[in-house]
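Below are the chains, spelled out letter by letter.
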Amino acid sequence: MIVDRLGRVWWGGHQAKVHCWDGRALRAIEVGGNEGITRVPYEDSHGRLWVGLGEGGLVRVEDGRAGEPLAAQAVFVNVLTEDRDGRLWIGSHGQAQALGWFDGEQFHPVIVDGQDSCYVHALRTARDGTVWAGTGTGLLALRDGAWRRLTTADGLSENAVLALAQDAQDRLWVGTGGGGALCYDGETVQVFRLGDGAAVNIVEAVLVDSRGQVWFGTRAGLVAYRPGVVPPGIAIRQVIAGQVYRAPWHVTCPETVGEIRIAFQGIGFRTGPGQMRYSHRLLGSAQATWSAFTAAHEVSYTGLPAGEYRFEVRAKDRDGLCSPAAVLPLVITPDPRADKIEALQVALRSPDQPLIGQSPAMVQLLGQLSRVAATEMTVLILGETGTGKGLATRLIHERSRCRTGPFLHVNCGALPDGIITSELFGHEKGAFTGAVVRKLGRFELASGGTLFLDEIGDLPLESQRVLLQVLEGGSLQRVGGQATIRVDVRVVAATNRDLQGASREGIFREDLFYRLSGFVLRMPPLRQRPEDLPLLLAYFTERFCHHLGRPVPTVHPVALDRLQRYHWPGNIRELEHLVQRAVLLCRDGVIRPEDLALDGSPGPLSTEAGAWLTLDAYEEWSDQHQREYLRQVLEACRWVIYGDQGAARLLGTHPERLRARLHKLGLNRPA
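The sections below set out a description of the structure shown in this document. (Residues numbered from 1 in each chain as written. Predicted model: local features only at pLDDT ≥ 70, side-chain atom pairs only at ≥ 80, totals over all residues. Heavy atoms only, no water.)

Glancing now at the overall build of the protein chain. Check the secondary structure of the protein chain and you find 14 helices and 41 strands. Taken across its 671 residues, the protein chain has 48% of its residues classed as buried. For the protein chain, the share of sequence-separated contacts (at least 6 apart) that also reach a separation of at least 24 residues comes to 56%. A total accessible area of about 32,600 Å² is found for the protein chain, and carbon and sulfur atoms account for 50% of it. (Helix = DSSP H or I, 4+ residues; strand = E, 2+ residues; numbered from the N terminus. Buried < 20%, exposed > 50% of the residue type's maximum accessible area, 1.4 Å probe, protein only. Contact = heavy atoms within 4.5 Å. Areas by Shrake-Rupley, 256 points an atom, 1.4 Å probe, with all protein chains shown as cover.)

This is the structure in structure tokens:
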């Protein structure tokens, strides 16, 4: 039944007629049809009236008379609608051509979501061009030639969709064959049970009137929907984080719990728990933006690093009203055993790369290193980036009396500002905001072993003062503590900076410089030891070929000449990168000049497993090259950071350090 633009009421019937009431008289117009059934009178945007026949297709009624049947392919015209392009869409049932559109002359069938046949109960064309079809197997949307199907798995209360309507807010109102009414806003499905009986929840017609009132025609009569005005509430019911927290207002747990699960529930007078939809976020993490509203009433987080977080969740009821956010402060404390375990693992590992060289400079260096390793002197290692300062420190540790103790490597330039002193010397519980537990510093964790202070020139002045006191007195006080703690640590410091110049400029303490430089080792740059190049080249080539399971290639004479004449600004580390790339790109077992990247850029990188450099190996690269390299590693690991198959293991670093590098470079997982 419809009302046309002249105010006349039209409806079909079972006597092969369509009826019209103009306010004064009732007329019946013969339209034919083998079954004697006429249905779905429809007025298009041009004011033309169309009538669907039970059999025989489509008929146009004009000047009180019915024309010849059209679009005969649509045997049983069940429903009609018009899209924004003026095309008349026809829904049928039980046939392969159950849906299509009529261009005024012929019918153009559309295969419904790959089905051989279906029953189209309802049609609606949205303002954005989407054609919505209500079928016996769900709600279907056709947009730009692609189908999308919504079923009970997506929140529908019933798969049989009998009626459709759209309101001024572009929400789709749906009548179902037993599941009541639905409202779909493009993101979530809200369910409306219209009563306790079965008949009242069979909705065969939906109408949105000129005032926005929604009406449902049910088997039990007409139902008007009146939306609520009171928003729902939301409560966090339970948190599981190593133990069960019921109705918590605050949760503190160690990072060793692995998984944190949070359950919540919406509260409303008109909306049951199963009809609520939820959105949440975790401030302080990578998931700090609001999620889409879904029916899931719990969320879990894994692998969260130590820190302070704020969990927020809100509920949306069936009327589309949203609750205020429920808030849960979440504090994850560091595992006090983590640094000790890492130190023990490092102590058990032997150097994976020796100091290679037979040049006079290297012979002299190795002799000095062996002599100072046997003492307890503090050592300062100076040298350009990539000359092997870390390897020299490891060798000192392995040849010292404390070789059975831990070996801790601290990059002073990578420690976050404001917590450097706490990281090095530890803190007591309550020493500052976020200090929820006592934490041992690197000096205490390295007791009985070696502490390698890399990039010592980047240490702030306040931390330099405390470091000097520890080196001179052999004891320390934790931040916020009063007790004096004795430490027995062999300190080796390294830098590529001019510390004497920094002392004259007032950015590095002069007394600390002289305390550290009791014994100074100077790492020769690669350009000063060209006779070592063939040895290094052979070592790296064999190493990478072993990883890749390839035969060791030879080096073309022209390529070798280029290598020997190159000035090597990145030293050994640059050579390592270059050889890795050349091994991956060379053909026929020969490294040629075109396989080398001697312009200072890393060049294209392979994603073959086993060929990755460590995170420390490319710190001198530009941010763009670092970002591209890390993206390849992460893609090879399917963006997994943790575990044996994670990117952190391939890069030889702690997962949280890798996460920090990704955050600094702005590298996020694709949506």
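Once that is clear, we can look at the packing of helix 9 (residues 533-548) against helix 11 (residues 571-585). Between helix 9 and helix 11, the shortest axis-to-axis distance is 9 Å and the interhelical angle comes to 50°. By the criterion of interaxial angle, the relationship of helix 9 to helix 11 is oblique. Remark: the crossing between helix 9 and helix 11 carries right-handed chirality. Contacts between helix 9 and helix 11 involve L533, L536, L537, F540, T541, R543, F544, C545 and L548 on the former and, on the latter, I572, L575, E576, V579, Q580, V583 and L584. (Axes fitted to C-alpha atoms, helices over the stretch in contact; angles between N-to-C directions. Parallel < 35°, antiparallel > 145°, perpendicular 65-115°, else oblique. Left-handed = near helix turned anticlockwise from the far one by under 90°.)

All right, on to the pattern of salt bridges then. The tally for this structure, following the rule as stated, stands at 35 salt bridges. Each of E428, R438, E444 and R478 takes part in salt bridges that share partners, so that together they form one network. (Salt bridge = Lys/Arg side-chain N within 4 Å of Asp/Glu carboxyl O.)

For the rest of this paragraph, the subject is the sheet that holds strand 27 (residues 251-254). Taken in spatial order, the 4 strands of this open sheet run 27-32-31-29, and their pairing is mixed. Both outer strands of the open sheet, strand 27 and strand 29 (277-283), are each paired with one neighbouring strand and no more. Across the sheet, the mean angle separating the axes of adjacent strands is 20° when strand polarity is ignored. Bridge analysis of strand 29 against strand 31 (residues 307-316) gives 7 bridges, and the strand direction is antiparallel. Each residue of the ladder has a partner; that of L283, found in strand 31, is R310. (Pairing = 2+ DSSP bridges.)

Of all hydrophobic cores here, the largest spans 33 residues; its most connected members are F425, F443, L451, L453, I456, L467 and F508. Per-element tally for this core: the top contributor is helix 6 (residues 461-473), with 5 residues. Not counting the four nearest positions on each side in its chain, F508 is found in contact with I456, G457, L461, Q464, L499, A502, S503, F513 and L516. (Core = buried A, V, L, I, M, F, W, Y, C linked by side-chain atoms within 4.5 Å.)

Strand pairs in the sheet, formed through backbone hydrogen bonds, run parallel or antiparallel to each other. One open sheet accounts for 4 strands, arranged 1-2-3-4; its pairing is antiparallel. Each of the sheet's edge strands pairs with one partner strand only, and the pair in question is strand 1 (2-3) and strand 4 (26-30). As judged from the 3 bridges shared by strand 2 (residues 9-11) and strand 3 (residues 17-21), these two strands associate in the antiparallel manner. Within the sheet, the bridge partner assigned to V9 lies in strand 3 and is W21.

The next point concerns the packing of aromatic side chains. For any two aromatic rings, the description comes down to two numbers: the centre-to-centre distance and the angle of the planes. As enumerated under the stated definition, the model contains 14 aromatic pairs in all. Plain terms: the ring middles of W132 and Y184 are 5.9 Å apart, the flat faces sit at 75° to each other, and that makes the pair edge-to-face. Taken together, the residues span a long stretch of sequence, with W132 in strand 15 (residues 131-135) and Y184 in strand 20 (residues 181-184) at a distance of 52 residues. Neither residue differs from the other here; W132 and Y184 are each classed as buried. Between W173 and F216, the ring centres sit 6.3 Å apart and the planes meet at 55°, which makes this aromatic pair tilted. In this pair, W173 sits in strand 19 (residues 172-176) while F216 sits in strand 23 (residues 214-218), placing the two residues 43 residues apart along the sequence. Above the plane of the ring of W101 lies R87, whose end atom (NZ or CZ) is 4.7 Å from the centre. The ring of F407 carries the charged tip of R394 above its face, separated from the ring centre by 4.3 Å. (Phe/Tyr/Trp six-rings, centres within 6.5 Å; stacked < 30°, edge-to-face > 60°. Lys NZ or Arg CZ within 6 Å of the ring centre and 35° of its normal.)

Before going further, it helps to examine empty space enclosed by the protein. Here the structure, examined in full by the defined rule, presents 3 cavities of 30 Å³ or more. The space that makes up the largest cavity amounts to roughly 70 Å³. Lining the largest cavity are 10 residues, and of these L355, I356, L391, L536 and I572 lie nearest its centre. Here the lining of the largest cavity is composed, by residue class, of 6 nonpolar, 3 polar and 1 charged. There is about 40 Å³ of room inside the second largest cavity. Along its surface, the second largest cavity is lined by P254, E255, V257, G258, I260, Y301, G303, L304 and I332. In the lining of the second largest cavity, the residues fall into 6 nonpolar, 2 polar and 1 charged. (1 Å grid on protein atoms, 1.4 Å probe; cavity = no way out; pocket = protein on both sides within 12 Å on 5 of 7 lines; lining within 4 Å. Points joined across faces, edges and corners; volume = space filled by probe spheres on them. Nonpolar A, V, L, I, M, F, W, Y, C, P; charged D, E, K, R; others polar.)

There is about 1,400 Å³ of room inside the second largest pocket. Around the second largest pocket, the lining comprises 40 residues; the ones closest to its centre are M1, I2, R124, L164 and V206. Of all the secondary structure elements, the ones that give two or more residues to the lining of the second largest pocket are strand 5 (38-43), strand 9 (79-82), strand 14 (118-125), strand 18 (161-166), strand 22 (203-208) and strand 23. A per-element tally of the lining of the second largest pocket places strand 14 first, with 6 residues. Partitioned by chemical class, the residues of the lining of the second largest pocket number 24 nonpolar, 8 polar and 8 charged.

Within helix 14 (residues 655-665), burial applies to P655, L658, R661, L662 and L665. In a view along the axis of helix 14, the buried residues occupy a sector of 120°, so they form one face of it. The exposed residues of helix 14 that point more than 90 degrees off its buried face are H663 and K664. After helix 14 finishes, the residue G666 shows a positive phi value of roughly 70°. (Arc of directions from axis to C-beta.)

Here we come to the environment of L355. Looking at the element boundaries, L355 is found in the loop between helix 1 (338-348) and helix 2 (360-373). The exposure class of L355 is buried, given its relative accessible area of 17%. When the C-alpha positions of L355 and T387 are compared, they lie 9.8 Å apart, and in sequence the two are 32 residues distant.

If you check helix 2, its first and last C-alpha atoms are 20 Å apart, about what 14 residues at 1.5 Å a residue would give, namely 20 Å. Turning to helix 2, its buried residues are M362, L365, L369, V372 and A373. Down the axis of helix 2, the sector holding all buried residues measures 100°, keeping them to one side. In helix 2, the exposed positions angled more than 90 degrees off the buried face are occupied by P360, V363, Q364 and R371. Elements that come into contact with the buried residues of helix 2 comprise strand 33 (379-382), helix 3 (389-398), strand 38 (490-495) and strand 39 (519-522). (Expected span 1.5 Å × (residues − 1).)

We now examine the pairing of strand 14. The pairing of strand 14 with strand 15 spans 5 bridges and is antiparallel. Paired with R124 across the bridge in strand 15 is W132. What sits between the antiparallel neighbours strand 14 and strand 15 is a turn of 5 residues, in which G129 has the positive phi angle 95°.

With that settled, the discussion passes to the side chain of T130. Along the chain, the position of T130 falls in the loop between strand 14 and strand 15. You can call T130 buried: its relative accessible area is 5%. Engagement of the side chain of T130 in a polar contact is seen with the side chain of D128, the distance being 3.0 Å. Apart from residues no more than four positions distant in its own chain, T130 is found in contact with R124, T125, A141, L142 and R143. (Polar contact = N/O pair within 3.5 Å; in protein donor to acceptor, adjacent residues only side chain to side chain.)

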